[in-house]
Amino acid sequence: MSLTHQLGIEFPILQAPMAGVQGGDLAVAVCEAGGLGALPCAMLSPEAMVDELQRIRAATAKPLNVNFFCHVPPAPDEVRLQRWHQALAPYYAEYGLDIDSIAAGAGRRPFDHKACDALAAFRPEVVSFHFGLPEPALVERVKAWGAVVLSSATTVEEACWLEAHGVDVVIAQGAEAGGHRGMFLSEDVTTQLGTFALLPQVVEAVSVPVVAAGGIADSRGVAAALALGASAVQVGTAFLCCPEAMTSTLHRQALLSEAARHTALTNLYTGRPARGILTRLMRELGPLSDVAPAFPLATSAIAPLRSAAESAGSTDFSPLWAGQNASACREIPAADVVRALTAGLR
(Lines give C-alpha, C1' and ligand atoms only; values in the text may rest on other atoms or scores of the structure.)
Protein backbone atom coordinates (compact mmCIF):
# COMPACT_ATOMS: atom_id res chain seq x y z
CA MET A 1 0.00 0.00 0.00
CA SER A 2 1.36 3.44 -0.91
CA LEU A 3 1.77 5.98 1.84
CA THR A 4 -0.67 8.36 0.15
CA HIS A 5 -3.29 5.59 0.27
CA GLN A 6 -2.39 4.77 3.88
CA LEU A 7 -2.81 8.41 4.88
CA GLY A 8 -5.85 9.00 2.69
CA ILE A 9 -4.32 11.89 0.75
CA GLU A 10 -4.04 12.67 -2.96
CA PHE A 11 -0.43 13.89 -3.12
CA PRO A 12 2.72 12.78 -1.22
CA ILE A 13 2.98 16.21 0.39
CA LEU A 14 2.94 16.69 4.17
CA GLN A 15 2.82 20.20 5.58
CA ALA A 16 5.33 20.50 8.40
CA PRO A 17 3.71 21.45 11.72
CA MET A 18 5.11 24.86 12.68
CA ALA A 19 4.19 25.94 16.20
CA GLY A 20 3.82 29.67 16.66
CA VAL A 21 3.43 30.57 12.98
CA GLN A 22 0.34 28.60 11.99
CA GLY A 23 -2.96 27.28 13.21
CA GLY A 24 -5.87 25.48 11.66
CA ASP A 25 -6.25 27.72 8.60
CA LEU A 26 -3.03 26.53 6.98
CA ALA A 27 -3.79 22.92 7.86
CA VAL A 28 -7.23 23.14 6.25
CA ALA A 29 -5.87 24.76 3.09
CA VAL A 30 -3.27 22.02 2.60
CA CYS A 31 -5.79 19.26 3.34
CA GLU A 32 -8.25 20.66 0.83
CA ALA A 33 -5.48 20.92 -1.77
CA GLY A 34 -4.77 17.19 -1.50
CA GLY A 35 -1.85 17.15 0.91
CA LEU A 36 -1.73 16.33 4.62
CA GLY A 37 -2.22 19.46 6.70
CA ALA A 38 -0.87 19.57 10.23
CA LEU A 39 -1.89 21.24 13.48
CA PRO A 40 1.06 21.89 15.83
CA CYS A 41 0.00 21.55 19.47
CA ALA A 42 3.26 22.07 21.37
CA MET A 43 2.24 25.62 22.31
CA LEU A 44 -1.48 24.91 22.82
CA SER A 45 -3.29 23.99 26.01
CA PRO A 46 -5.69 21.03 25.67
CA GLU A 47 -8.56 23.52 25.64
CA ALA A 48 -7.00 25.60 22.84
CA MET A 49 -6.25 22.42 20.91
CA VAL A 50 -9.89 21.36 21.13
CA ASP A 51 -11.01 24.77 19.82
CA GLU A 52 -8.64 24.50 16.83
CA LEU A 53 -9.68 20.94 16.06
CA GLN A 54 -13.35 21.86 16.17
CA ARG A 55 -12.68 24.64 13.66
CA ILE A 56 -10.70 22.32 11.41
CA ARG A 57 -13.30 19.55 11.50
CA ALA A 58 -15.99 22.09 10.61
CA ALA A 59 -13.96 23.22 7.59
CA THR A 60 -12.69 19.95 6.12
CA ALA A 61 -13.38 16.23 6.28
CA LYS A 62 -9.93 15.39 4.88
CA PRO A 63 -7.30 13.50 6.94
CA LEU A 64 -5.33 15.63 9.41
CA ASN A 65 -1.99 15.33 11.20
CA VAL A 66 -1.97 16.51 14.83
CA ASN A 67 1.57 17.10 16.10
CA PHE A 68 3.10 17.09 19.58
CA PHE A 69 6.45 17.45 21.28
CA CYS A 70 7.36 14.67 23.68
CA HIS A 71 10.32 16.05 25.64
CA VAL A 72 10.78 15.57 29.37
CA PRO A 73 10.40 18.96 31.09
CA PRO A 74 13.64 19.79 32.93
CA ALA A 75 13.99 20.79 36.56
CA PRO A 76 14.89 24.49 36.77
CA ASP A 77 18.60 25.09 37.38
CA GLU A 78 18.80 28.37 39.26
CA VAL A 79 22.53 28.80 38.68
CA ARG A 80 22.13 28.32 34.94
CA LEU A 81 19.08 30.61 34.83
CA GLN A 82 21.07 33.30 36.62
CA ARG A 83 23.88 33.02 34.06
CA TRP A 84 21.28 33.30 31.30
CA HIS A 85 19.76 36.43 32.82
CA GLN A 86 23.22 37.97 33.21
CA ALA A 87 23.94 37.35 29.53
CA LEU A 88 20.68 39.06 28.55
CA ALA A 89 20.92 41.93 31.07
CA PRO A 90 22.61 44.41 28.67
CA TYR A 91 19.83 43.89 26.13
CA TYR A 92 17.18 44.39 28.82
CA ALA A 93 18.89 47.64 29.82
CA GLU A 94 18.97 48.77 26.19
CA TYR A 95 15.17 48.50 26.02
CA GLY A 96 14.52 49.76 29.55
CA LEU A 97 13.25 46.36 30.73
CA ASP A 98 13.55 44.93 34.23
CA ILE A 99 15.60 41.73 34.17
CA ASP A 100 14.33 40.85 37.67
CA SER A 101 10.69 40.74 36.58
CA ILE A 102 10.89 37.83 34.15
CA ALA A 103 7.80 35.66 34.46
CA ALA A 104 8.10 31.91 34.13
CA GLY A 105 6.71 31.10 30.69
CA ALA A 106 4.66 28.07 29.75
CA GLY A 107 7.13 27.27 26.97
CA ARG A 108 6.24 24.09 25.12
CA ARG A 109 4.19 21.30 26.63
CA PRO A 110 4.84 17.63 25.94
CA PHE A 111 2.14 15.13 24.98
CA ASP A 112 0.55 13.73 28.12
CA HIS A 113 -2.58 11.88 29.21
CA LYS A 114 -4.57 15.12 29.52
CA ALA A 115 -3.79 16.04 25.92
CA CYS A 116 -4.53 12.48 24.82
CA ASP A 117 -7.89 12.55 26.59
CA ALA A 118 -8.83 15.73 24.72
CA LEU A 119 -7.55 14.38 21.41
CA ALA A 120 -9.41 11.07 21.65
CA ALA A 121 -12.77 12.70 20.88
CA PHE A 122 -11.48 13.74 17.45
CA ARG A 123 -9.64 10.52 16.52
CA PRO A 124 -7.31 12.24 14.03
CA GLU A 125 -6.11 10.10 11.16
CA VAL A 126 -2.45 10.93 11.83
CA VAL A 127 -0.60 11.82 15.03
CA SER A 128 3.05 12.85 14.82
CA PHE A 129 5.75 13.47 17.42
CA HIS A 130 8.99 15.42 17.71
CA PHE A 131 11.89 14.50 20.04
CA GLY A 132 11.20 10.76 20.00
CA LEU A 133 7.99 9.24 21.33
CA PRO A 134 5.89 9.66 24.46
CA GLU A 135 5.55 6.81 26.96
CA PRO A 136 4.41 3.49 25.43
CA ALA A 137 0.96 3.68 27.03
CA LEU A 138 0.25 6.93 25.19
CA VAL A 139 1.47 5.53 21.88
CA GLU A 140 -0.81 2.52 22.39
CA ARG A 141 -3.80 4.78 23.11
CA VAL A 142 -3.21 6.76 19.93
CA LYS A 143 -2.80 3.64 17.79
CA ALA A 144 -5.88 2.04 19.37
CA TRP A 145 -8.20 4.54 17.66
CA GLY A 146 -6.58 3.81 14.30
CA ALA A 147 -4.22 6.75 13.95
CA VAL A 148 -1.08 6.42 11.85
CA VAL A 149 1.89 7.40 14.06
CA LEU A 150 4.80 9.42 12.66
CA SER A 151 7.93 10.72 14.34
CA SER A 152 11.08 12.55 13.28
CA ALA A 153 14.53 10.97 13.06
CA THR A 154 17.70 12.98 12.46
CA THR A 155 20.04 9.97 12.35
CA VAL A 156 19.86 6.36 11.21
CA GLU A 157 20.04 5.31 14.87
CA GLU A 158 16.98 7.38 15.73
CA ALA A 159 15.09 5.95 12.76
CA CYS A 160 15.81 2.39 13.89
CA TRP A 161 14.81 3.26 17.46
CA LEU A 162 11.52 4.71 16.28
CA GLU A 163 10.72 1.66 14.18
CA ALA A 164 11.53 -0.63 17.12
CA HIS A 165 9.18 1.39 19.32
CA GLY A 166 6.17 1.18 17.03
CA VAL A 167 6.06 4.14 14.62
CA ASP A 168 4.25 3.55 11.36
CA VAL A 169 6.21 6.16 9.39
CA VAL A 170 9.63 7.76 9.96
CA ILE A 171 10.26 11.38 8.99
CA ALA A 172 13.93 11.71 7.98
CA GLN A 173 14.66 15.29 9.04
CA GLY A 174 17.74 16.60 7.29
CA ALA A 175 19.89 19.35 8.76
CA GLU A 176 18.48 21.85 6.23
CA ALA A 177 15.05 21.82 7.90
CA GLY A 178 13.80 24.93 9.65
CA GLY A 179 12.68 24.96 13.27
CA HIS A 180 13.61 22.51 15.98
CA ARG A 181 15.85 19.56 15.29
CA GLY A 182 13.99 16.36 16.20
CA MET A 183 17.16 14.84 17.70
CA PHE A 184 16.56 12.76 20.83
CA LEU A 185 19.23 10.07 21.19
CA SER A 186 22.11 12.54 21.17
CA GLU A 187 22.66 16.27 21.74
CA ASP A 188 25.68 16.30 19.43
CA VAL A 189 24.85 18.50 16.42
CA THR A 190 27.78 17.04 14.48
CA THR A 191 25.63 13.91 14.01
CA GLN A 192 23.17 15.86 11.87
CA LEU A 193 23.21 14.95 8.18
CA GLY A 194 21.78 16.75 5.18
CA THR A 195 18.49 15.45 3.80
CA PHE A 196 19.86 13.71 0.73
CA ALA A 197 22.65 12.04 2.72
CA LEU A 198 20.32 10.94 5.53
CA LEU A 199 17.34 9.84 3.44
CA PRO A 200 18.78 6.85 1.52
CA GLN A 201 20.48 5.56 4.66
CA VAL A 202 17.23 5.64 6.60
CA VAL A 203 15.32 4.03 3.74
CA GLU A 204 17.89 1.21 3.75
CA ALA A 205 17.79 0.79 7.53
CA VAL A 206 14.04 0.61 8.22
CA SER A 207 11.10 -1.28 6.74
CA VAL A 208 8.43 1.37 7.39
CA PRO A 209 7.73 4.22 4.91
CA VAL A 210 10.07 7.20 5.11
CA VAL A 211 9.15 10.86 4.61
CA ALA A 212 11.92 13.26 3.55
CA ALA A 213 12.10 16.66 5.27
CA GLY A 214 14.51 19.57 4.99
CA GLY A 215 15.37 21.89 2.11
CA ILE A 216 12.61 20.62 -0.19
CA ALA A 217 10.86 23.62 -1.73
CA ASP A 218 9.91 22.78 -5.31
CA SER A 219 8.85 19.90 -7.55
CA ARG A 220 12.47 19.06 -8.39
CA GLY A 221 13.22 18.51 -4.73
CA VAL A 222 10.11 16.37 -4.37
CA ALA A 223 11.13 14.26 -7.37
CA ALA A 224 14.67 13.86 -6.02
CA ALA A 225 13.40 12.70 -2.62
CA LEU A 226 11.04 10.18 -4.19
CA ALA A 227 13.86 8.91 -6.41
CA LEU A 228 15.98 8.27 -3.30
CA GLY A 229 13.28 6.13 -1.76
CA ALA A 230 11.06 8.56 0.13
CA SER A 231 7.36 7.71 0.15
CA ALA A 232 6.47 11.39 0.60
CA VAL A 233 8.02 14.72 1.56
CA GLN A 234 7.37 17.15 4.39
CA VAL A 235 7.57 20.85 3.57
CA GLY A 236 7.45 23.78 5.98
CA THR A 237 9.35 26.91 4.96
CA ALA A 238 7.64 27.21 1.55
CA PHE A 239 4.30 27.70 3.35
CA LEU A 240 5.45 30.44 5.75
CA CYS A 241 4.46 33.39 3.55
CA CYS A 242 1.07 31.98 2.57
CA PRO A 243 -1.91 34.11 3.67
CA GLU A 244 -3.22 31.15 5.70
CA ALA A 245 -0.08 31.15 7.89
CA MET A 246 0.19 33.34 11.00
CA THR A 247 3.78 34.34 10.28
CA SER A 248 4.39 37.91 11.49
CA THR A 249 4.98 40.76 9.06
CA LEU A 250 8.59 41.12 10.20
CA HIS A 251 9.22 37.39 9.81
CA ARG A 252 7.69 37.43 6.32
CA GLN A 253 9.89 40.37 5.33
CA ALA A 254 12.97 38.46 6.45
CA LEU A 255 11.93 35.34 4.54
CA LEU A 256 11.49 37.35 1.34
CA SER A 257 14.83 39.15 1.74
CA GLU A 258 18.48 38.23 1.22
CA ALA A 259 18.69 37.59 4.97
CA ALA A 260 16.94 34.25 4.45
CA ARG A 261 20.06 32.93 2.70
CA HIS A 262 21.91 32.83 6.04
CA THR A 263 20.41 30.47 8.59
CA ALA A 264 21.99 28.69 11.54
CA LEU A 265 21.16 26.25 14.28
CA THR A 266 20.62 28.04 17.57
CA ASN A 267 19.58 27.09 21.09
CA LEU A 268 19.21 30.67 22.29
CA TYR A 269 15.47 31.00 21.78
CA THR A 270 14.25 27.81 23.44
CA GLY A 271 17.18 25.80 24.75
CA ARG A 272 17.22 23.22 21.93
CA PRO A 273 18.91 23.48 18.52
CA ALA A 274 16.56 24.94 15.93
CA ARG A 275 17.28 26.47 12.52
CA GLY A 276 16.42 30.08 11.84
CA ILE A 277 17.58 33.19 10.02
CA LEU A 278 20.63 34.73 11.68
CA THR A 279 19.78 37.52 14.14
CA ARG A 280 21.70 39.95 16.28
CA LEU A 281 21.23 37.76 19.35
CA MET A 282 22.68 34.75 17.50
CA ARG A 283 25.66 36.76 16.21
CA GLU A 284 26.56 38.34 19.54
CA LEU A 285 26.07 35.38 21.90
CA GLY A 286 27.00 32.71 19.37
CA PRO A 287 24.17 30.69 17.83
CA LEU A 288 24.83 27.65 20.06
CA SER A 289 25.72 28.63 23.62
CA ASP A 290 26.19 26.80 26.92
CA VAL A 291 24.65 29.81 28.65
CA ALA A 292 21.13 29.03 27.39
CA PRO A 293 19.07 26.99 29.88
CA ALA A 294 17.56 23.63 29.02
CA PHE A 295 14.57 23.42 26.67
CA PRO A 296 12.10 25.09 26.92
CA LEU A 297 13.26 27.28 29.80
CA ALA A 298 15.14 29.78 27.61
CA THR A 299 11.86 31.03 26.17
CA SER A 300 10.54 33.12 29.05
CA ALA A 301 13.50 35.52 29.23
CA ILE A 302 13.54 36.05 25.46
CA ALA A 303 9.84 36.95 25.22
CA PRO A 304 10.02 40.51 26.69
CA LEU A 305 13.04 41.34 24.51
CA ARG A 306 11.34 40.02 21.41
CA SER A 307 8.19 42.02 22.14
CA ALA A 308 10.06 45.26 22.78
CA ALA A 309 12.27 44.91 19.71
CA GLU A 310 9.42 43.96 17.37
CA SER A 311 7.43 46.97 18.61
CA ALA A 312 10.35 49.05 17.36
CA GLY A 313 10.37 47.21 14.02
CA SER A 314 13.39 45.03 14.82
CA THR A 315 13.86 41.25 14.62
CA ASP A 316 17.09 41.29 16.67
CA PHE A 317 15.56 38.97 19.28
CA SER A 318 12.97 37.12 17.19
CA PRO A 319 13.16 33.41 16.37
CA LEU A 320 12.91 33.66 12.59
CA TRP A 321 12.54 29.93 12.00
CA ALA A 322 13.36 28.96 8.42
CA GLY A 323 15.04 26.16 6.54
CA GLN A 324 18.10 26.57 4.36
CA ASN A 325 15.99 26.86 1.21
CA ALA A 326 13.54 29.76 1.43
CA SER A 327 13.70 30.26 -2.34
CA ALA A 328 10.08 29.16 -2.81
CA CYS A 329 8.62 31.50 -0.20
CA ARG A 330 5.89 33.46 -1.94
CA GLU A 331 2.82 35.37 -0.80
CA ILE A 332 0.51 32.89 -2.52
CA PRO A 333 -2.27 30.61 -1.26
CA ALA A 334 -1.19 27.30 0.29
CA ALA A 335 -3.08 25.43 -2.44
CA ASP A 336 -0.80 27.03 -5.02
CA VAL A 337 2.25 25.85 -3.07
CA VAL A 338 0.89 22.29 -3.11
CA ARG A 339 0.27 22.56 -6.85
CA ALA A 340 3.81 23.83 -7.44
CA LEU A 341 5.32 21.01 -5.36
CA THR A 342 3.37 18.36 -7.24
CA ALA A 343 3.84 19.74 -10.77
CA GLY A 344 4.77 16.87 -13.05
CA LEU A 345 4.05 14.14 -10.51
CA ARG A 346 2.02 11.18 -11.72
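Parameters at a glance
- Residues numbered from 1 in each chain as written.
- Predicted model: local features only at pLDDT ≥ 70, side-chain atom pairs only at ≥ 80, totals over all residues.
- Heavy atoms only, no water.
- UniProt positions renumbered as here; feature names shortened; annotations may be inferred.
- Helix = DSSP H or I, 4+ residues; strand = E, 2+ residues; numbered from the N terminus.
- Rg over C-alpha atoms; globule rule 2.2 N^0.38 Å.
- Buried < 20%, exposed > 50% of the residue type's maximum accessible area, 1.4 Å probe, protein only.
- Contact = heavy atoms within 4.5 Å.
- Areas by Shrake-Rupley, 256 points an atom, 1.4 Å probe, with all protein chains shown as cover.
- Lys, Arg positive; Asp, Glu negative; His and termini not counted.
- Charge placed at Lys NZ, Arg CZ, Asp CG, Glu CD.
- Pairing = 2+ DSSP bridges.
- Right-handed = clockwise from strand over helix to strand, strands pointing away.
- Axes fitted to C-alpha atoms, helices over the stretch in contact; angles between N-to-C directions.
- Left-handed = near helix turned anticlockwise from the far one by under 90°.
- Nonpolar A, V, L, I, M, F, W, Y, C, P; charged D, E, K, R; others polar.

- As annotated in an unreviewed UniProt entry, the protein chain is Propionate 3-nitronate monooxygenase from Billgrantia zhangzhouensis.
- The UniProt entry for the protein chain carries the following text under Cofactor (unreviewed entry): "FMN".
- What the UniProt record of the protein chain gives under Sequence similarities (unreviewed entry) is the line "Belongs to the nitronate monooxygenase family. NMO class I subfamily."

**Some thoughts on the overall build of the protein chain**
So, step 1. A tally of helices and strands in the protein chain yields 13 helices and 11 strands.
So, step 2. Computed over its C-alpha atoms, the radius of gyration of the protein chain comes to 19 Å, within 12% of the 20 Å expected for a compact globule of 346 residues.
So, step 3. The C-alpha extent of the protein chain, read off along each of the three principal axes, is 60 × 45 × 40 Å.
So, step 4. Looking at the protein chain as a whole, 55% of its 346 residues are labelled buried.
So, step 5. Considering only contacts within the protein chain whose residues lie at least 6 apart along the sequence, 67% involve residues at least 24 apart.
So, step 6. Total accessible area on the protein chain is roughly 14,100 Å²; 52% of this is exposed by carbon and sulfur atoms.
So, step 7. Charge centroids of the protein chain, computed over 23 positive and 33 negative side chains, lie 4 Å from each other.

**Details of the pairing of strand 6 (residues 169-173)**
So, step 1. A large share of strand 6 lies buried, amounting to 5 of its 5 residues.
So, step 2. Residues Val169, Ile171 and Gln173 of strand 6 are buried on one face, and the alternating residues Val170 and Ala172, pointing to the opposite face, are buried as well.
So, step 3. Both strand 5 (residues 148-153) and strand 6 contribute to a ladder of 4 bridges, which runs parallel. By the bridge assignment, serine 151 is partnered in strand 6 with valine 170.
So, step 4. Viewed along the sheet, the connection from strand 5 through helix 7 (residues 156-164) into strand 6 turns out right-handed.

**Points about the packing of helix 7 against helix 8 (residues 195-205)**
So, step 1. In the contact formed by helix 7 and helix 8, the axes pass within 9 Å of each other and the chain directions differ by 35°. Our pair here, helix 7 against helix 8, has a crossing hand that is right-handed. Contact with helix 7, carried on its side by Val156, Ala159, Cys160 and Glu163, involves Leu198, Gln201, Val202 and Ala205 of helix 8 and no other residues of that element.
So, step 2. The class makeup of the residues in the contact of helix 7 with helix 8 is 6 nonpolar, 1 polar and 1 charged.

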